[in-house]
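# Survey of secondary and tertiary structure
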Amino acid sequence: MAIKYTKDHEWIMMEGEIAIVGISVYAQEQLGEIVFVELPENGKQLDKGDEACVIESVKAASDISAPVAGVITAINADLAETPGGVNDDPMAAWFFRIKPAEPDATDGFMDEAAY
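Below you will find a few notes about this structure. This structure is a prediction, so every number in the text was calculated from the model and none was measured.

## A look at the overall build of the protein chain
A count of helical and extended segments in the protein chain gives three helices and nine strands. Starting at the N terminus and ending at the C terminus, the protein chain contains elements arranged as β-β-β-α-β-β-β-β-β-α-α-β. Taken over the C-alpha trace, the protein chain has a radius of gyration of 13 Å; the compact-globule value for 115 residues is 13 Å, and the two agree within 12%. C-alpha atoms of the protein chain, sized along the principal axes, occupy 35 × 35 × 20 Å. When each of the 115 residues of the protein chain is scored for burial, the buried share is 41%. Pairs at least 24 residues apart make up 59% of the contacts formed inside the protein chain by residues separated by at least 6 positions. Of the accessible surface of the protein chain, which amounts to about 6100 Å², a share of 48% is contributed by carbon and sulfur atoms. Distance from the positive charge centre (7 side chains) to the negative charge centre (22 side chains) of the protein chain: 5 Å.

## Here's the deal with the sheet that holds strand S4 (residues 34-38)
Strand order in the open sheet formed by three strands is S4-S6-S7, and the pairing between neighbours is antiparallel. Since the sheet does not close on itself, it has two edges, and those belong to S4 and strand S7 (61-65), each with one partner. Here the strands of the sheet are splayed against their neighbours by 25 degrees on average, with no regard to which way each runs. Pairing analysis gives four bridges linking S4 to strand S6 (residues 51-57), with the strands arranged antiparallel. The residue bridging valine 37 from the neighbouring strand is isoleucine 55, located in S6.

## Considerations on the packing of aromatic side chains
Applying the stated rule across the entire model yields one aromatic pair. Of note, arginine 97 hangs over the ring of tryptophan 94, and the distance from its end group to the ring centre comes to 4.5 Å.

## Describing the nonpolar core
With 24 residues, the main nonpolar core has Ile23, Ile55, Phe95 and Phe96 as its most contacted residues. For this core, the secondary structure elements donating two or more residues are strand S3 (18-23), helix H1 (25-31), S4, S6 and strand S9 (96-100). Leaving out residues up to four positions away in the same chain, isoleucine 23 has contacts with His9, Glu10, Trp11, Gln28, Leu31, Ile34, Ile55, Ile64, Val86, Pro90, Met91 and Phe95. Tyr5, Trp11, Ile20 and Ala74 belong to the second-largest nonpolar core, a separate cluster that totals six residues.

Cut-offs applied
- Residues numbered from 1 in each chain as written.
- Predicted model: local features only at pLDDT ≥ 70, side-chain atom pairs only at ≥ 80, totals over all residues.
- Heavy atoms only, no water.
- Helix = DSSP H or I, 4+ residues; strand = E, 2+ residues; numbered from the N terminus.
- Rg over C-alpha atoms; globule rule 2.2 N^0.38 Å.
- Buried < 20%, exposed > 50% of the residue type's maximum accessible area, 1.4 Å probe, protein only.
- Contact = heavy atoms within 4.5 Å.
- Areas by Shrake-Rupley, 256 points an atom, 1.4 Å probe, with all protein chains shown as cover.
- Lys, Arg positive; Asp, Glu negative; His and termini not counted.
- Charge placed at Lys NZ, Arg CZ, Asp CG, Glu CD.
- Pairing = 2+ DSSP bridges.
- Axes fitted to C-alpha atoms, helices over the stretch in contact; angles between N-to-C directions.
- Phe/Tyr/Trp six-rings, centres within 6.5 Å; stacked < 30°, edge-to-face > 60°.
- Lys NZ or Arg CZ within 6 Å of the ring centre and 35° of its normal.
- Core = buried A, V, L, I, M, F, W, Y, C linked by side-chain atoms within 4.5 Å.

In structure tokens, the structure reads:
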């Protein structure tokens, strides 16, 4: 399962028909210590670019956009309780899972070398 990246510093990884979404190490470093995460609702329909999550750090608040259109199938509820998990390992601390409306929705994203 290859991890791909968006220009907005999100990572996305396909697991079967479901895309798992988080933020890159670079994004976490730029934000600083993350202290709050507001997650989307399960079952929420999002268009590509819609606000999916809000994260707050000691420096600023930022939106995480939906990298693909689709339906939220799961959220990482642990992050709502312990947002510091993103600080510990941004590549393991996924925010949400989304079932893309289009099966090839992640084809245009960058691989690690391009990112």
